[in-house]
Amino acid sequence: MNKNKIIYYIATVVLSIVVLFSANMYFFKHEMIKGAFTGLGYPTYLIYPYAILKLLGLVAIWTPGFKVLKEWAYAGFFYAFTLAFFAHTMVEDGGQGTALVALIALAMSYIFNRLKNKQVIKSNN
């Protein structure tokens, strides 16, 4: 296994852990998350759909062959994590660290996925 694949898988696993942790919180610690969403100024009716979309995004990222859906998932996560970072920064609740870790893992996963796929294309020629 080459270096690009290893970095891709490590970054994608870190990304997945962060997303799965947050989706778990949305489903099983709903009252706590309601308070957090209210504190950030977000409507609470978004909690369950947001959790489901996060899980679907992970499915798209991990499933080979869903190239267009994978790009959309990466874009959706980019916007979600960027907005989360700034929302937590503005209310000064200290939650921006997790969003920053997610953004870094997302960027590394995306970049090394592209490099990994480029490597596969070259080796097939």
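In this text the structure is predicted, and so the values were computed from the model without any measurement.

A. Structural detail: the nonpolar core. Membership of the largest hydrophobic core comes to 17 residues, with the highest contact counts inside it found for L15, V19, I61, F77, F81 and L106. With residues near it in sequence (within four places) discarded, F81 still touches L15, V19, A99, A102, L103 and L106.

B. Highlighting the environment of L46. Examined against the element boundaries, L46 turns out to sit in the loop between helix 2 (30–40) and helix 3 (47–62). Under the relative-accessibility criterion, L46 is labelled partly exposed at 36%. Considering only alpha carbons, one finds L46 and I33, 13 residues apart in sequence, at a separation of 11 Å.

C. Region of interest: the packing of helix 2 against helix 3. Two elements in contact, helix 2 and helix 3, have axes whose closest approach is 11 Å; the angle formed by their N-to-C orientations is 100 degrees. For the element pair helix 2 / helix 3, the angle class is roughly perpendicular. The segment helix 2 lies against helix 3, with H30, I33, K34 and F37 engaging I47, Y48 and Y50. Looking at the contact of helix 2 with helix 3 residue by residue, the classes come out as 5 nonpolar, 1 polar and 1 charged.

What counts and what doesn't
- Residues numbered from 1 in each chain as written.
- Predicted model: local features only at pLDDT ≥ 70, side-chain atom pairs only at ≥ 80, totals over all residues.
- Heavy atoms only, no water.
- Core = buried A, V, L, I, M, F, W, Y, C linked by side-chain atoms within 4.5 Å.
- Buried < 20%, exposed > 50% of the residue type's maximum accessible area, 1.4 Å probe, protein only.
- Contact = heavy atoms within 4.5 Å.
- Helix = DSSP H or I, 4+ residues; strand = E, 2+ residues; numbered from the N terminus.
- Axes fitted to C-alpha atoms, helices over the stretch in contact; angles between N-to-C directions.
- Parallel < 35°, antiparallel > 145°, perpendicular 65-115°, else oblique.
- Nonpolar A, V, L, I, M, F, W, Y, C, P; charged D, E, K, R; others polar.

Don't take any of this as a statement about function, it's just geometry.
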